Amino acid sequence: MADKRSERPSHPLSQRRPQQAKRPLPPGEQFFTPGATGLRRKIELRSAAPLVFLFQLPRWIAPVLLVVLLLVGFAVPSFWGGVAVLPVLGFVGWLAYMSWPSLGAGGRLLRVALLTFLILLIADRLGAF
């Protein structure tokens, strides 16, 4: 009986899996805006660690969380709906600021339109209209 157990392979779920390596950062020439000074330089330096952290998370977490918060903002027509959209506004505004130097006119226009829409949604939920 003991012979058969030693011959039989163990169940795949009972075996230890090797530690998966974190995703490497995407290739690029520079992480920061060339020649940035003042406020932009400070924000880019402070944003480096959160950007790397977000890149290491599974790709689906940030979009799913943002969509859930936005749907709560649409579904709840009260103060709490506006509060749910505030993190979405902050995140989108932060990414828009970080990507602004590399955008063309169309990309900038879309980001301004999205931020305006989110601000109006929050104002509506907080009772400004």
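Check the entry above for the structure.
Draft legend 1. A nonpolar patch on the surface, seen in detail. A cluster of nonpolar side chains, contributed by Val-67, Leu-71, Phe-74, Leu-114 and Phe-117, occupies part of the molecular surface with about 450 Å² of accessible area. Of all the secondary-structure elements, those providing two or more residues to the nonpolar patch are helix H3 (61–75) and helix H5 (105–125). Considering every element that reaches the nonpolar patch, the biggest residue donor is H3, with three residues. Relative to the assigned elements, Val-67 resides in helix H3.

Draft legend 2. Representation of the pattern of salt bridges within the structure. Following the criterion strictly, the structure yields two salt bridges and no others. The residue Arg-40 makes a salt bridge to Glu-44 at a minimum N-O spacing of 3.2 Å. Placement of the pair is Arg-40 and Glu-44 together in helix H2 (residues 38–56), with a separation of four residues, close to one helical turn. Given the relative accessible area of 14%, Arg-40 is considered buried. Glu-44 gets classed as buried once you look at its relative accessible area, which sits at 4%.

What counts and how
Residues numbered from 1 in each chain as written. Predicted model: local features only at pLDDT ≥ 70, side-chain atom pairs only at ≥ 80, totals over all residues. Heavy atoms only, no water. Patch = residues over 30% accessible without salt bridge, like charges linked within 9 Å, V, L, I, M, F, W, Y side chains within 5 Å. Areas by Shrake-Rupley, 256 points an atom, 1.4 Å probe, with all protein chains shown as cover. Salt bridge = Lys/Arg side-chain N within 4 Å of Asp/Glu carboxyl O. Helix = DSSP H or I, 4+ residues; strand = E, 2+ residues; numbered from the N terminus. Buried < 20%, exposed > 50% of the residue type's maximum accessible area, 1.4 Å probe, protein only.

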